[in-house]
Amino acid sequence: QVQLVESGGGLVQAGGSLRLSCAASGRTFSAYTMGWFRQAPGKEREFVAAINWSGSSTYYADSVEGRFTISRDNAKNTVGLQMDSLKPDDTAVYYCAVRRFSTGSVYSLSKYDSWGQGTQVTVSS
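Residues numbered from 1 in each chain as written. Predicted model: local features only at pLDDT ≥ 70, side-chain atom pairs only at ≥ 80, totals over all residues. Heavy atoms only, no water.

A. Region of the structure containing the overall build of the protein. Of regular secondary structure, the protein possesses 0 helices and 11 strands. A globule of 125 residues ought to have a C-alpha radius of gyration of about 14 Å, and the protein, at 13 Å, matches this closely. Dimensions along the principal axes, computed over C-alpha positions, put the protein at roughly 40 × 25 × 25 Å. Of all 125 residues assigned to the protein, the portion counted as buried reaches 43%. Sequence-distant contacts, at least 24 apart, represent 58% of the contacts inside the protein between residues at least 6 apart. For the protein, the exposed surface amounts to about 6300 Å²; the carbon and sulfur share of it is 47%. Here the protein carries 12 positive and 10 negative side-chain charges, and the mean point of each set is 7 Å from the other. (Helix = DSSP H or I, 4+ residues; strand = E, 2+ residues; numbered from the N terminus. Rg over C-alpha atoms; globule rule 2.2 N^0.38 Å. Buried < 20%, exposed > 50% of the residue type's maximum accessible area, 1.4 Å probe, protein only. Contact = heavy atoms within 4.5 Å. Areas by Shrake-Rupley, 256 points an atom, 1.4 Å probe, with all protein chains shown as cover. Lys, Arg positive; Asp, Glu negative; His and termini not counted. Charge placed at Lys NZ, Arg CZ, Asp CG, Glu CD.)

B. Here's a closer look at the nonpolar core. With 36 residues, the main nonpolar core has Trp36, Leu81, Met83 and Tyr94 as its most contacted residues. Of all the secondary structure elements, the ones that give two or more residues to this core are strand E3 (18-24), strand E4 (33-39), strand E5 (46-51), strand E7 (68-73), strand E8 (78-83), strand E9 (92-99) and strand E11 (119-124). Those residues in contact with Met83 that sit more than four places away from it in its chain are Gly16, Ser17, Leu18, Leu20, Arg67, Phe68, Tyr94 and Val121. (Core = buried A, V, L, I, M, F, W, Y, C linked by side-chain atoms within 4.5 Å.)

C. Representation of the side chain of Arg100 in the model. Mapped onto the elements, Arg100 comes out in the loop between E9 and strand E10 (114-115). A distance of 2.7 Å separates polar atoms of two side chains, one belonging to Arg100 and the other to Asp113. (Polar contact = N/O pair within 3.5 Å; in protein donor to acceptor, adjacent residues only side chain to side chain.)

D. Spotlight on the environment of Val123. With respect to the secondary-structure elements, Val123 resides in strand E11. A relative accessible area of 6% means that Val123 is categorised as buried. When near neighbours in sequence (up to four residues on either side) are disregarded, Val123 contacts Val12, Gln13, Ala14, Leu86, Lys87, Pro88, Asp90 and Thr91.

E. Representation of the packing of aromatic side chains within the structure. Summed over the entire model, instances satisfying the criterion amount to 6 aromatic pairs. Measuring from ring centre to ring centre gives 4.8 Å for Phe47 and Tyr107, while their planes differ by 65°; the resulting arrangement is edge-to-face. On the criterion of sequence distance, the pair formed by Phe47 in strand E5 and Tyr107 in the loop between E9 and E10 is long-range, its members being 60 residues apart. With relative accessibility at 44%, the residue Tyr107 sits in the partly exposed group. Taken together through their ring pairs, the aromatic side chains of Phe37, Phe47, Tyr59, Tyr107, Tyr112 and Trp115 make up a single cluster. In this structure, Arg72 packs its charged tip against the face of Phe29, placed 4.6 Å from the ring centre. (Phe/Tyr/Trp six-rings, centres within 6.5 Å; stacked < 30°, edge-to-face > 60°. Lys NZ or Arg CZ within 6 Å of the ring centre and 35° of its normal.)

This is the structure we're talking about:
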């Protein structure tokens, strides 16, 4: 079982930046695809970004493309999400997730088998 702990959320004004971090347990972290998802009040959880095991491939939702950057450090068992040019619509609880056993689309929530507890991001206008 992989345990994930997110950090870095907070309150920021529109146009500002935040960096989220996710620390993962387990010696085989570097073998897995990692993803970030978010869930706003009253809405379903949605895909934000993903990164493959080596960091050579990244994937983004259209709504964050060009503003968010996902990265990973396999030596430290961490994955980060740099969020720039934040908008009020980015307000949500952000979750880190790991995909260990599934194949197929990295955009699908159902492909991820372990989740962190989430960290709140609030963007004021």
